[in-house]
Amino acid sequence: MSDAAIRVENLGKKYTIGYQREHYRALRDVLADSIKSAGRRLTGRKVVNPNTEEFWALQDISFEVERGDRVGIIGRNGAGKSTLLKILSRITEPTRGRVSLKGRVASLLEVGTGFHPELTGRENIYLNGAILGMSKAEIRHKFDEIVAFAEVEKFLDTPVKRYSSGMYVRLAFAVAAHLEPEILVVDEVLAVGDATFQKKCLGKMKDVGQEGRTVLFVSHNMAAVSQLCSQVLILERGQLIKRGSAQSTIESYLKTGIEVTGTWESNSHQQNPTREVSLLRAKIIDELGRTNSVINYQENFSIEIIYRINIQCSLWALVLRVIDLTGQPIFTSWDVDSLQTKKELNCNTYRAICQIPSCLLKPGDYTITLAAYALEPLKIIEYHENVFGVQISAIGYPLNEGRWGAIAPILQWETDQLETSLL
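Conventions we followed
Per chain, residues are indexed from 1 in the order of the written sequence. pLDDT decides what is reported in this predicted model: residues at 70 or higher carry local features, side-chain atom pairs at 80 or more are listed and counted, and totals for whole chains, interfaces and linings draw on all residues regardless. Side-chain figures throughout are based on the complete set of non-hydrogen atoms in the structure, without hydrogens or water. Fitted lines through C-alpha atoms give the axes, limited to the stretch in contact for helices. The angle between two N-to-C directions lies from 0 to 180 degrees. Secondary structure follows DSSP: runs of H or I at least 4 residues long count as helices, runs of E at least 2 residues long count as strands, and numbering of each begins at the N terminus. Crossings are sorted by hand: turned counterclockwise from the far helix by less than a right angle, the near helix makes the crossing left-handed, and turned clockwise it makes it right-handed. Contacts between residues were defined by any pair of non-hydrogen atoms, one from each residue, lying within 4.5 Å. Residues are grouped as follows: Ala, Val, Leu, Ile, Met, Phe, Trp, Tyr, Cys and Pro are nonpolar; Asp, Glu, Lys and Arg are charged; all remaining types, including Gly, are polar. The pairing criterion is simple: DSSP has to find at least two bridges between the two strands. The salt bridge criterion pairs a side-chain nitrogen of Lys or Arg with a carboxyl oxygen of Asp or Glu, the two atoms within 4 Å. Three labels apply to residues, based on accessible area from a 1.4 Å probe with only protein chains included: buried if under 20% of the type maximum, exposed if over 50%, partly exposed otherwise in between. Stacked, tilted and edge-to-face pairs are distinguished by plane angle, under 30 degrees for stacked and over 60 for edge-to-face with tilted covering the rest, among Phe, Tyr and Trp rings (Trp via its six-membered ring) whose centres lie within 6.5 Å. Two conditions define a charge located above a ring, namely a distance within 6 Å from the ring centre to NZ of Lys or CZ of Arg, and an angle within 35 degrees of the ring normal. Each patch groups residues whose relative accessible area exceeds 30% and which form no salt bridge, using 9 Å between like charges and 5 Å between nonpolar side chains of Val, Leu, Ile, Met, Phe, Trp and Tyr. Each accessible area is a Shrake-Rupley result for a 1.4 Å probe, and residues are judged covered by the shown protein chains and nothing else. Residue count minus one, scaled by 1.5 Å, sets the expected span of a helix. A residue's bend is given by the angle between axes fitted to the 7 residues ending at it and the 7 residues starting at it. We call a set of buried Ala, Val, Leu, Ile, Met, Phe, Trp, Tyr and Cys residues a nonpolar core when their side-chain atoms join them within 4.5 Å.

Colleague: Just checking my understanding: could you explain the packing of helix H4 (residues 136-150) against helix H5 (residues 165-178) for this structure?
Modeller: In a pair of packed helices, the angle between the axes and the distance between the axes together describe the arrangement. In contact at an axis separation of 8 Å, H4 and H5 are set at 145° when each is read in the N-to-C sense. In the crossing of H4 with H5, the sense of the turn from one axis to the other is right-handed. On H5, the residues touching Lys142, Glu145, Ile146, Phe149 and Ala150 of H4 are Arg170, Leu171, Phe173, Ala174, Val175 and His178. Residues that form the contact of H4 with H5 fall into these classes: 7 nonpolar, 1 polar and 3 charged.

Colleague: What am I meant to see in the sheet that holds strand S16 (residues 349-356) here?
Modeller: Across a sheet, paired strands are connected by hydrogen bonds in the backbone, their directions being either parallel or antiparallel. Taking strand neighbours across the sheet as the criterion, the 4 strands line up as S10-S11-S13-S16 in an open arrangement whose pairing is antiparallel. Two strands close off the open sheet at either side, each with one partner strand: strand S10 (263-265) and S16. Strand-to-strand twist across the sheet, computed as the mean angle between neighbouring axes with direction ignored, equals 20°.

Colleague: I'm lost on the sheet that holds strand S9 (residues 239-245) in this one. Help?
Modeller: With mixed pairing, the 6 strands of this open sheet are ordered in space as S5-S6-S7-S3-S8-S9. Strands with a single pairing partner mark the edges of an open sheet, and in this sheet they are strand S5 (105-108) and S9. Averaged over all adjacent pairs, the angle separating strand axes in this sheet is 15°, with direction ignored. Judged from the 6 bridges that link them, strand S8 (residues 231-236) and S9 form a sheet pairing that is antiparallel.

Colleague: Would you mind going over the pattern of salt bridges with me for this structure?
Modeller: Opposite charge on two side chains makes pairing possible when the charged atoms of those side chains draw close. Applying the stated rule across the entire model yields 12 salt bridges. Notably, a salt bridge pairs Asp60 with Arg96, separated by 3.6 Å at the nearest N-O pair. Separated by 36 residues along the polypeptide, Asp60 in strand S2 (residues 52-66) and Arg96 in strand S4 (residues 96-101) bring together distant segments of the chain. What makes Arg96 partly exposed here is its relative accessible area of 36%. With its nearest N and O atoms 3.7 Å apart, the salt bridge here joins Arg104 to Glu182. In this pair, Arg104 is assigned in the loop between S4 and S5 and Glu182 in the loop between H5 and strand S6 (183-186), connecting sequence segments 78 residues apart.

Colleague: How do you make sense of the packing of aromatic side chains when you look at a structure like this?
Modeller: Each aromatic ring pair is described using two quantities: the centre-to-centre distance and the angle formed by the ring planes. Under the definition given, this model contains 8 aromatic pairs. Taken together, the aromatic side chains of Phe115, Tyr163 and Tyr168 make up a single cluster linked through ring pairs. Lys13 extends its terminal NZ or CZ atom over the ring of Tyr15, reaching a point 5.2 Å from the ring centre. Of note, Arg96 hangs over the ring of Trp56, and the distance from its end group to the ring centre comes to 4.3 Å.

Colleague: Whenever I open this one, the environment of Arg290 confuses me. Can you help?
Modeller: Within the secondary structure, Arg290 sits in the loop between strand S11 (277-285) and strand S12 (294-296). By relative accessible area, Arg290 is classed as partly exposed at 45%. The sequence separation of Arg290 and Phe301 amounts to 11 residues, and the corresponding C-alpha distance is 9.8 Å.

Colleague: In this structure, what is going on with a nonpolar patch on the surface? I would like to understand it.
Modeller: Nonpolar side chains collect at one region of the surface, where Tyr15, Ile17 and Phe55 lie side by side and expose about 240 Å² of accessible area between them. Mapped onto the secondary structure, Phe55 falls in strand S2.

Colleague: How should H4 be read in this particular structure?
Modeller: With 15 residues, H4 extends 20 Å between its outermost C-alpha atoms, agreeing within 8% with the 21 Å of an ideal straight helix rising 1.5 Å per residue. Its axis deflected by about 45° at Lys142, H4 carries its strongest bend there. Residues of H4 that are buried include every one of Ile139, Lys142, Phe143, Ile146, Val147, Phe149 and Ala150, and no others. Glu151 lies just past H4 and shows a positive phi near 60°.

Colleague: I tried to follow the nonpolar core on my own but got confused; where do I start?
Modeller: Soluble, globular proteins show a tendency: their nonpolar side chains are buried together. In terms of nonpolar packing, the biggest core is built from 50 residues, with Ile74, Ile125, Leu171, Phe173, Leu184, Met205 and Phe217 touching the most fellow members. Counting residues per element, this core draws most heavily on H5, which supplies 10 residues. Core analysis: the second largest hydrophobic core is formed by 37 residues, Ile305, Val322, Leu361 and Phe388 among them.

Colleague: Looking at this model, I keep getting lost on the pairing of strand S13 (residues 301-309). Mind explaining?
Modeller: A regular strand places its side chains so that they alternate between the two faces of the sheet. In terms of residue burial, S13 counts as a mostly covered element, since 8 of its 9 residues are buried. Across 8 bridges, the pairing between S11 and S13 is antiparallel. The residue of S13 that forms the bridge with Ala282 is Ile305. Relative to S16, S13 runs antiparallel, the two sharing 8 bridges. Bridge assignment links Tyr307 to a residue of S16, and that residue is Tyr350.

Colleague: Explain the pairing of strand S3 (residues 70-74) to me, please; I cannot follow it from the model alone.
Modeller: Of all 5 residues in S3, 5 are buried; the element is thus mostly enclosed. Residues of S3 alternate between two faces, with Arg70, Gly72 and Ile74 on one and Val71 and Ile73 on the opposite face, all of them buried. Pairing of S3 with strand S7 (residues 214-218), which is carried by 4 bridges, proceeds in the parallel orientation. Counted as the bridge partner of Val71 is Leu216 from S7. As defined by bridge partners, S3 adjoins S8 across 4 bridges and the pair is classed as parallel.

Here's what the structure looks like:
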């Protein structure tokens, strides 16, 4: 008999999208719409509202997760990952299909999920425990361990509305992971924490899985997913398109849909004028100034990014990340690295160019991820994963044995003969 902690059958979730009508309409337009609607009713045809559209965030998804499994859920922005987790966490109801859960579910879907801003950290620990169905004695037994993990003892009796985003997420994760739910659901929220905290959280989630509890983990960090999860699901446009072992599934995901032309352009519907910055397009440029996605090992190349500033601001940064096909980040570069302070730019369109030196990346295939981050507080403005691929050819690569490592730089060495008197 199956020991499934989570069973999802033919799950679907539909939303209705409304469009704002024009402010001024002529009388003839109103009369024409009324006559058309009356005609449809008389003929028995369905009346369609032209100002709304049905959008299926999830369509016919079915899978099972065994008790104690650690399963990653990956996919591009808008694939339906967060909608799926909200349904599993009973935050929203599905339009069709059913979900069966065995045990208590603790969710960490965004910073401070389930926290009341006016209550203190201490009070929120007890509140979250009560929501999970735990007794006061059970919560008290875990209380010191939660506080030690979150590292917020000094601010325990301060209302959480005064916490920084990092303090929020540390306490929220500590509560979710330590109050012993049978199923732990974690979204991309860990991206808010620093590297040390993320490493500690991944270790805790491993421990949770080894204790026989189930973990669902959504992240754009493929290295974290491959490190934590044994199985991975890929969602695309609301559908489950692949399930398999972490390494093979992540590699398949990174290869799928990568632009091999060395160019990328944002879809116009993804551009939001209310965001501080919109990333518009990007391309790879070789030493001769050509757009090219195949670069020789001994050649320099650069990545050009075109962006538009919608709201004048200074505390933000462009971020570029190079990732190999195992999902391992090779390096990340911020445009503020070469600036002491970020220059405040007017609302306009700009071009940024990141220079990548020759003899750095080993021959192989890589993907490029682009993002814009607000700096204070740290948050994602835009995030575009695997916008295109770049292939580093082996031309000029020294093929001698023992050149191990994620990168293969040719470094400068010097040798001097020492005088005997100096020995």
